[in-house]
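Take a look at the letters that make up each chain.
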Amino acid sequence: MQSMSKPVAIDIGNVCVKIHPERFCAELGFSSIAEVPPELMYLEAELFECGKIDEAEFLKRFRVLTGSTRAEAELRQIFLDIIGEPVPGMADVISAMPERGFRPVLFSDVSLTHLELVHRRLPYTANLDGIYSFTSGARKNRDAMFEDFEQVYGKPALYIDDRAELIARGRDRGWRAEVFESAAQLDALLTSI
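Small disclaimer: the values here were computed from a predicted structure and weren't measured.

What to know about the overall build of the chain
Right, on to step 1. When helices and strands are tallied, the chain shows 10 helices and 7 strands.
Right, on to step 2. Taking 2.2 N^0.38 as the reference for a compact globule, 193 residues should give roughly 16 Å; the C-alpha atoms of the chain span a radius of gyration of 17 Å, in line with that estimate.
Right, on to step 3. By residue count, 46% of the 193 residues in the chain fall in the buried class.
Right, on to step 4. Partitioning the intrachain contacts of the chain with sequence separation of at least 6 by distance along the chain shows that 66% fall at a separation of at least 24.
Right, on to step 5. Taken as a whole, the chain presents about 9100 Å² of accessible surface, with 52% of it coming from carbon and sulfur.

Topic: helix α4 (residues 72-80)
Right, on to step 1. Within the span of α4, buried status applies to L75, I78, F79 and L80.
Right, on to step 2. The inward-facing, buried residues of α4 contact α1 (21-28), α2 (38-48), α3 (55-66), β3 (83-86) and α6 (112-121).

Here's the deal with the pairing of strand β5 (residues 129-132)
Along any regular strand, the residues point their side chains to alternate faces of the sheet.
Right, on to step 1. Looking at chain direction, strand β4 (residues 102-108) and β5 are connected through 4 bridges and run parallel. The residue of β5 that forms the bridge with S108 is Y132.
Right, on to step 2. Regarding topology, α6 serves as the crossover connection from β4 to the parallel β5, and that connection is right-handed.

Regarding helix α10 (residues 183-191)
Right, on to step 1. For α10, the full list of buried residues reads A183, Q185, L186, L189 and L190. Buried residues of α10, viewed axially, fall in a sector of 160 degrees; they line one side. In α10, the exposed positions angled more than 90 degrees off the buried face are occupied by A184 and T191.
Right, on to step 2. At its buried positions, α10 is contacted by β1 (6-10), α5 (90-96), β4, β6 (158-161) and β7 (177-179).

Considerations on the packing of α3 against α4
Right, on to step 1. It is at 10 Å that the axes of α3 and α4 come closest, and there the two elements cross at 95 degrees. Judged on the interaxial angle alone, α4 and α3 are roughly perpendicular. In contact with E55, F58, L59, F62 and R63 of α3, α4 contributes E72, L75, R76 and F79.
Right, on to step 2. Residue composition of the contact of α3 with α4, grouped by class: 5 nonpolar, no polar and 4 charged.

About the criteria used
Residues numbered from 1 in each chain as written. Predicted model: local features only at pLDDT ≥ 70, side-chain atom pairs only at ≥ 80, totals over all residues. Heavy atoms only, no water. Helix = DSSP H or I, 4+ residues; strand = E, 2+ residues; numbered from the N terminus. Rg over C-alpha atoms; globule rule 2.2 N^0.38 Å. Buried < 20%, exposed > 50% of the residue type's maximum accessible area, 1.4 Å probe, protein only. Contact = heavy atoms within 4.5 Å. Areas by Shrake-Rupley, 256 points an atom, 1.4 Å probe, with all protein chains shown as cover. Pairing = 2+ DSSP bridges. Right-handed = clockwise from strand over helix to strand, strands pointing away. Arc of directions from axis to C-beta. Axes fitted to C-alpha atoms, helices over the stretch in contact; angles between N-to-C directions. Parallel < 35°, antiparallel > 145°, perpendicular 65-115°, else oblique. Nonpolar A, V, L, I, M, F, W, Y, C, P; charged D, E, K, R; others polar.

Purely geometric numbers; function is a separate question.
If you want it as structure tokens, here you go:
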């Protein structure tokens, strides 16, 4: 481990910042995420978020798969619009973690493009360490990200995520893991450690 502080694994989407896939769907003419073609989901989730292609290649393939004639900047903005507003209270709770003996570590399925936007919208995240799908080459539905986290930080004192199936994966590895509800809930969980 790199520090005496206890690491806390923190998801980004719907934990630090709200995400809005419905905006992406609406811009592309889909009424829900279920209507998005599997090839497009694979391109975004398995190739781009896992760092197997860069942004230029993603946008090129995105244009082909959607049959879009929109400018590259407009396609990029549609993708960026998934990232929404900060989750209330999280900046304060995360920023106070070091003085409470915790080391916040971002632990997220995210593309570099989205992460850069998160850092601009949530400046407190820019100085945090992280384990990301684009550096691990896999999302949290596989073992690689969990293994990468453990190799660098050991098992976290707490893992917080909005997705119950990922919390279950953490618990299967022996992590203390809780489904995120609010900043107040996270604050209470930290107090109980």
